[in-house]
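Working through the structure, step by step
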Amino acid sequence: MLFTKVHGLGNDFILVNAGIGERFPDDYATLAKEMCDRKFGIGADGLVLLLDSGVADVRMRIINSDGTEAEMCGNAIRCVAQYLYEHNIVRKEQIKVETLAGIIVPQVILKNGMVEAIKVDMGEPRLQRAEIPMVGEAGQVVNDTLEVDGQKFYITAVSMGNPHCVIFVEDIASIPLHMIGPRIEYHPAFPKKTNVEFVQVLNPQEVRMVVWERGAGPTLACGTGACAVAVAGVLNGLTEKKVTVHLPGGPLQIEWADNGKVYMTGPAREVFHGEYTVYKS
Ligand SMILES: N[C@H](CCC[C@H](N)C(=O)O)C(=O)O
C-alpha cells in the first residue's frame, strides 16, 4: 500500500490516497494502530484516508494512533489540501473536504506556484450538547469546574467537530501533562472522551499551549485544539479574536471572525513516500 508521510507543525500523519482504489483491509482501527506504531510500523499520530465523496472534492477520514476515528483534524486537513493541489489531484485553490464534522474548506496560499501555507475555514465552533454535556442549553460554551483526582480545574469545553477541554493556567511548564492529560481525556464528563489543552496567555494576541490529544496522547501540535483555545480565550475575555497560538511544534494563526467562523492558517509538510506491507493479520 502506497502512502505519503506528512505533518503539520510536527503533528504527523500517514496519508493513504484510497480514492485511487487502493485495496486494503477496511478494519481501519487495526490498520491505524499497526501503521502508526513508532516501533513496529511507520510511526505517526494518525492515519488519514482520502476517499471519494459524493458531496465534496474528497472525503477525509482521520483515525487516531489508538484506532479511534475523529470527526476532524486541523493539521491533517492542511496537509491534505497541499497534497491534493501539488499532486494535481484537485488542482483548485479552495478545496472542499467532507469530514464527520461537515464540509471543511481549506484554501492553499501559493508562492511561485507552490503551496506556502494553507488557510482553513474550520466552520463555527459546534457546541452541540450531545458532544459536550457541559455546553449550555442554548449551545453557548459553558465554563465549569472539573474535579480530577481531588484537584479542581476551571475548564472551557469547546467543540470544533471534535471535543476540546481548554484550561487556562499561569505557567504551562508546571503542568504534569502525561499524568493529568489521560485523566481528563477519559473523564466521565466527556462521553466521547476529549482532547485536552492547557494554555498560558502571553498577551491578548498571543498564547502558548500544550495538548494531550484524544486517541493520540501528547502531540507537537493540534489544529482543532488551537481553534478551540482561540474561541475559549475570547469567551473568557483573555484574548482578541485574532491570536497567534504557539504550540510545541510551532505557531498557528487563528481568527474567530465576525461571521462566526474560525479560520486557521499554517504550514504543511510532505516528508516522504513509501510502500507499506499490510500484515496478513
Ligand atoms: N486526536 C483528535 C483528532 C486529531 C486532531 C488534531 N491532530 C488536529 O490537528 O486537529 C481527536 O480525536 O479529536
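Everything quoted here is computed from the prediction, not taken from an experiment.

1. Describing the UniProt feature "active site" (unreviewed entry) in the protein chain
The UniProt record annotates "active site" (unreviewed entry) at Cys-73 and Cys-222. The greatest C-alpha distance among the annotated residues, which extend across 150 residues, is 7.7 Å, indicating that they converge on a single site. With respect to the secondary-structure elements, Cys-73 resides in the loop between strand S5 (69–70) and helix H2 (74–86). Once residues lying within four places of it in the same chain are set aside, the contact partners of Cys-73 are Asn-11, Phe-13, Met-60, Ile-62 and Thr-224. Among the secondary structure elements, Cys-222 is positioned in the loop between strand S14 (217–218) and helix H4 (223–235). Overall, Cys-222 belongs to the buried group, its relative accessible area being 3%. With residues up to four places along the chain from it excluded, the contact list for Cys-222 reads Asn-11, Asn-75, His-164, Glu-197, Val-211, Glu-213, Leu-247 and Leu-252.

2. Notes on H4
The end-to-end C-alpha separation of H4 is 19 Å, in line with the 18 Å expected for 13 residues at 1.5 Å each. Across the 13 residues of H4, eleven count as buried, placing the element largely inside the fold. Of all the residues in H4, the buried ones are Gly-223, Thr-224, Gly-225, Ala-226, Cys-227, Ala-228, Val-229, Ala-230, Val-231, Ala-232 and Gly-233. Positive phi appears at Gly-237, one or two residues downstream of H4, with a value of about 70°.

Rules behind the numbers
Residues numbered from 1 in each chain as written. Predicted model: local features only at pLDDT ≥ 70, side-chain atom pairs only at ≥ 80, totals over all residues. Heavy atoms only, no water. UniProt positions renumbered as here; feature names shortened; annotations may be inferred. Helix = DSSP H or I, 4+ residues; strand = E, 2+ residues; numbered from the N terminus. Contact = heavy atoms within 4.5 Å. Buried < 20%, exposed > 50% of the residue type's maximum accessible area, 1.4 Å probe, protein only. Expected span 1.5 Å × (residues − 1).

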